[in-house]
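One-letter residues, chain by chain:
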Amino acid sequence: MGNRFIAAACLMLSFGLAHAAERWETLPPTPAPVAGVQSGYANVNGIRLYYTRTGHGSPVLLLHGGLANSDYWGNQVKALAAKHTVITLDSRGHGRSSRDSRPYGYDLMADDVVAVLDSLKIPKADIVGWSDGAILGLDLAIRHPTRVGKIFAFAANSTTAGVKDNVEKNPTFAAYIERAGKEYVKLSPTPKEYDAFVEQISHMWASQPNWSDADLQKIKTPVLIVDGDRDEAIKRENTEYMAATIPGAGLLILPNASHFAFLQDPAFFNAALLNFLDGQ
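Residues numbered from 1 in each chain as written. Predicted model: local features only at pLDDT ≥ 70, side-chain atom pairs only at ≥ 80, totals over all residues. Heavy atoms only, no water.

Q: An account of the overall build of the protein chain is requested, with residue identities and associated values reported.
A: Scanning the protein chain from N- to C-terminus turns up 10 helices and eight strands. With respect to the three principal axes, the spread of C-alpha positions in the protein chain is 75 × 45 × 40 Å. Per-residue burial for the protein chain yields a buried fraction of 52% across its 280 residues. Pairs at least 24 residues apart make up 79% of the contacts formed inside the protein chain by residues separated by at least 6 positions. Just so you have it, the protein chain exposes about 12,700 Å², and 57% of that area is on carbon and sulfur atoms. (Helix = DSSP H or I, 4+ residues; strand = E, 2+ residues; numbered from the N terminus. Buried < 20%, exposed > 50% of the residue type's maximum accessible area, 1.4 Å probe, protein only. Contact = heavy atoms within 4.5 Å. Areas by Shrake-Rupley, 256 points an atom, 1.4 Å probe, with all protein chains shown as cover.)

Q: Can you tell me about the nonpolar core, naming the residues and giving the values?
A: In this structure, Leu 61, Trp 130, Leu 138, Phe 152, Phe 154, Tyr 176 and Phe 269 are the most contacted members of the largest nonpolar core, which totals 80 residues. For this core, the element with the highest residue contribution is helix α3 (residues 106-119), accounting for eight residues. With sequence-adjacent residues up to four places away left out, Trp 130 is seen in contact with Leu 63, His 64, Gly 65, Ala 68, Tyr 72, Trp 73, Phe 154, Ala 155, Tyr 176, His 259, Phe 260 and Phe 262. (Core = buried A, V, L, I, M, F, W, Y, C linked by side-chain atoms within 4.5 Å.)

Q: Break down the UniProt feature "domain: AB hydrolase-1" (unreviewed entry) in the protein chain for me, with residues and values.
A: On the UniProt side, "domain: AB hydrolase-1" (unreviewed entry) is annotated at positions that read residues 60-272 here. A helix fraction of 42% and a strand fraction of 16% characterise residues 60-272, whose end C-alpha atoms lie 15 Å from each other. (UniProt positions renumbered as here; feature names shortened; annotations may be inferred.)

Q: I'd like to hear about the pattern of salt bridges, residue by residue, with values.
A: Inspection of every chain in the model, using the stated rule, returns 13 salt bridges. Asp 112 is paired through a salt bridge with Arg 92; the nearest N and O atoms lie 2.7 Å apart. Of this pair, Asp 112 sits in helix α3 while Arg 92 sits in the loop between β4 (84-89) and α3, and the two are 20 residues apart along the sequence. Take Arg 92: its relative accessible area is 2%, and that puts it in the buried class. Its salt-bridge partner being Arg 147, residue Asp 118 comes within 2.9 Å of it at the nearest N-O pair. Here Asp 118 is found in helix α3, whereas its partner Arg 147 is found in the loop between α4 (132-143) and β6 (148-154), with 29 residues between them in sequence. Taking relative accessible area as the criterion, Asp 118 reaches 43% and is therefore assigned partly exposed. Three or more residues are tied together by salt bridges with common partners; here these are Arg 92, Asp 100, Arg 102 and Asp 112. (Salt bridge = Lys/Arg side-chain N within 4 Å of Asp/Glu carboxyl O.)

Q: Explain the packing of aromatic side chains residue by residue, including any values.
A: The tally for this structure, following the rule as stated, stands at 20 aromatic pairs. Centre to centre, the rings of Trp 130 and Tyr 176 are 5.9 Å apart; their planes meet at 65°, and the pair counts as edge-to-face. One end of the pair, Trp 130, is in strand β5 (residues 125-130); the other, Tyr 176, is in helix α5 (residues 171-187), with 46 residues separating them in the sequence. The same class applies to Trp 130 as to Tyr 176, namely buried. Their ring planes at 65° and their centres at 6.1 Å tell us that Phe 262 and Phe 269 sit as a pair that is edge-to-face. Each member of the pair, Phe 262 together with Phe 269, is buried. (Phe/Tyr/Trp six-rings, centres within 6.5 Å; stacked < 30°, edge-to-face > 60°.)

Q: Talk me through the sheet that holds strand β1 (residues 38-44); I want residue IDs and the actual numbers.
A: Strand order in the open sheet formed by eight strands is β1-β2-β4-β3-β5-β6-β7-β8, with mixed pairing between adjacent strands. Each edge of the open sheet is held by one strand with a lone partner, namely β1 and β8 (250-254). Averaged over all pairs of adjacent strands, the angle between strand axes in this sheet comes to 20°, irrespective of strand direction. The pairing of strand β7 (residues 223-228) with β8 spans five bridges and is parallel. Bridge pairing links Gly 228 to Leu 254 in β8. Along the sheet face, helix α10 (residues 266-278) touches β3 (58-63), β4, β5, β6, β7 and β8 and points at about 155° away from the line of β6. (Pairing = 2+ DSSP bridges. Axes fitted to C-alpha atoms, helices over the stretch in contact; angles between N-to-C directions.)

Q: An account of the side chain of Thr 172 is requested, with residue identities and associated values reported.
A: As for its position among the elements, Thr 172 is in helix α5. Exposure remark for Thr 172: the relative accessible area of 8% places this residue in the buried category. Only 2.9 Å separates the side chain of Thr 172 from the backbone oxygen of Glu 25, close enough to count as a polar contact. The contact partners of Thr 172, leaving out residues within four places of it in the chain, are Trp 24, Glu 25, Thr 26, Leu 27, Glu 232 and Phe 260. (Polar contact = N/O pair within 3.5 Å; in protein donor to acceptor, adjacent residues only side chain to side chain.)

Q: Could you give an account of helix α6 (residues 194-207), with specific residues and numbers?
A: Taking 1.5 Å per residue as the helical rise, α6 with its 14 residues ought to reach 20 Å, and the 21 Å between its terminal C-alpha atoms agrees with that figure. Residues Tyr 194, Phe 197, Gln 200, Ile 201 and Met 204 constitute the buried set of α6. On its buried side, α6 packs onto α3, α4 and α5. (Expected span 1.5 Å × (residues − 1).)

In structure tokens form, the structure reads like this:
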């Protein structure tokens with residue numbers, strides 16, 4: 001009786017483990033704000049953009065994904081700050097930053113980034129971008145090449161066709177959208193305008209980015225195109241196309257990870273990031 005009970009319990013345990021969520025299906029918590037950073041607001045392009053700054057060394061700017069905020073980079077800020085001056089930014093309308101009535105566009109948001117670098121008197125920075133932030137990094141490399149060094153572009157797409165259909169229905173991505181809405185209410189200077197903000201930025205997502213081969217071939221700065229092997233949002237063929245089209249670009253596919261790899265496996269993500277930024 002006892003042995004049969006133990007065997008049954010072991011069988012149930014193994015069944016439960018077999019059906020536990022894979023790492024790429026999880027959405028780990030948003031990191032807490034990093035302690036001890038210098039924070040402030042840059043009044044640029046008619047809006048107020050929130051930024052943080054910490055560490056010493058060559059500057060690295062971290063650009064978050066759509067609907068998110070700079071807190072998502074907490075694990076990366078800590079890893080980078082030993083060798084770099086690390087700047088994070090809440091994009092227009094995101095997190096603690098304000099927005100105006102102008103239509104969203106990646107060019108406009110990239111110009112915001114340049115304006116913040118100007119206000120901080122930083123002539124050139126390496127860029128680490130996730131999703132929309134990675135698109136902004138590539139936009140900067142195309143339109144403001146003298147302002148950027150290396151570009152670590154995680155989970156970008158080069159055209160709207162590079163995004164999977166119905167991504168918002170994926171359980172992990174749906175959980176992210178729900179979390180982002182709660183964070184917006186908590187952080188935003190306009191906490192009751194989340195729906196209007198999403199409506200505004202959705203118009204951009206419907207038509208941008210829309211880069212041609214020629215646009216991507218203008219990029220001369222070192223680029224590493226990165227994605228998780230289980231990305232819920234980005235089509236693998238678009239990731240591989242960008243790496244093949246941008247001159248000299250590298251390609252890195254992170255194992256057992258999704259659109260949120262930097263949260264799911266920060267140790268591996270950070271090792272790849274530091275190797276790219278600090279390697280020869």
